[in-house]
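Spelled out from the first residue to the last, the chains are:
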Amino acid sequence: MQAAIAGEMRLLDPEVRASPARVLELLDPEFTEIGASGRRWDVESILTVTSGGSVSPESPVKVSEVTGAVLAPGIVHLTYFADNQGRRAWRSSLWRLTETGWRMYFHQGTLAG
């Protein structure tokens, strides 16, 4: 579970997000996301957003209430609360262990009031 949490935190790091190669190391080739906006994302569309500076180095995402559960061998579900410059959302991710390490398979964000 700790490896999945570490991967999640790396994906929120502005330096990692600015590097498509580093983001690709953490995303499963079959990755999909349903964003807080309601938009559906895949690996290619996420790389466009992350490389465009979606997280400011001066105002990193604030994460709290991280919890995780092992759903099956090699499958971890994480949930946490994220605040990105006042845009607050509950986040949920599924991570799976592959031959190359832990990779995010699915992610969903739900805006919080």
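These notes cover the structure that comes with them. In this text the structure is predicted, and so the values were computed from the model without any measurement.

This part is about the packing of aromatic side chains. On inspection of all chains with the given rule, the structure shows one aromatic pair. Residues Phe81 and Trp90 carry aromatic rings whose centres are separated by 5.0 Å and whose planes lie at 65° to one another, so their mutual orientation is edge-to-face. When the ring centre of Trp41 is taken as reference, the NZ or CZ atom of Arg39 above it lies at 3.9 Å.

Okay, the environment of Leu78 next. Structurally, the position occupied by Leu78 is in strand β4 (residues 75-84). For Leu78, a relative accessible area of 1% puts it in the buried group. The spacing of Leu78 and Pro29 is 49 residues in sequence and 19 Å in space, taken between C-alpha atoms.

What follows covers the environment of Leu24. Relative to the helices and strands, Leu24 resides in helix α3 (residues 20-26). Under the relative-accessibility criterion, Leu24 is labelled partly exposed at 39%. Considering only alpha carbons, one finds Leu24 and Glu44, 20 residues apart in sequence, at a separation of 9.7 Å. In contact with Leu24, other than residues within four places in its own chain, are Val43, Leu47 and Arg103.

Looking at the element boundaries, Arg91 is found in strand β5 (residues 87-98). There is a polar contact of 3.5 Å between the side chain of Arg91 and the side chain of His107. Beyond its immediate chain neighbours, meaning those up to four positions away, Arg91 contacts Glu33, Leu78, Thr79, Tyr80, Ala82, His107, Gln108 and Gly109.

The subject of this paragraph is the sheet that holds strand β1 (residues 27-34). Taken in spatial order, the six strands make up an open sheet running β2-β1-β6-β5-β4-β3, and their pairing is mixed. Two strands lie at the open edges of the sheet, namely β2 (40-42) and β3 (62-72), each paired on one side alone. Neighbour-to-neighbour, the strand axes of this sheet turn through a mean angle of 15°, independent of strand direction. Pairing of β1 with β2 involves three bridges; the strand directions are antiparallel. Residue pairing for β2: Thr32 is matched across the bridge by Asp42. Most of the contacts of helix α1 (residues 2-12) go to β4, to which it runs at about 35°, and overall it touches β1, β3, β4, β5 and β6 (101-111). Contacts from helix α4 (residues 43-50) reach β1 and β2, with the element oriented near 90° to β2.

Once that is clear, we can look at unusual backbone geometry. The phi dihedral of Glu65 falls on the positive side, at around 55°, and the residue is not glycine. Along the polypeptide, Glu65 turns up in strand β3. Positive phi values are uncommon outside glycine, yet Gln85 reaches one of about 55°. Relative to the assigned elements, Gln85 resides in the loop between β4 and β5. In this structure Gln85 comes out as exposed when scored by relative accessible area, which is 54%.

So, how was this worked out
- Residues numbered from 1 in each chain as written.
- Predicted model: local features only at pLDDT ≥ 70, side-chain atom pairs only at ≥ 80, totals over all residues.
- Heavy atoms only, no water.
- Phe/Tyr/Trp six-rings, centres within 6.5 Å; stacked < 30°, edge-to-face > 60°.
- Lys NZ or Arg CZ within 6 Å of the ring centre and 35° of its normal.
- Helix = DSSP H or I, 4+ residues; strand = E, 2+ residues; numbered from the N terminus.
- Buried < 20%, exposed > 50% of the residue type's maximum accessible area, 1.4 Å probe, protein only.
- Contact = heavy atoms within 4.5 Å.
- Polar contact = N/O pair within 3.5 Å; in protein donor to acceptor, adjacent residues only side chain to side chain.
- Pairing = 2+ DSSP bridges.
- Axes fitted to C-alpha atoms, helices over the stretch in contact; angles between N-to-C directions.

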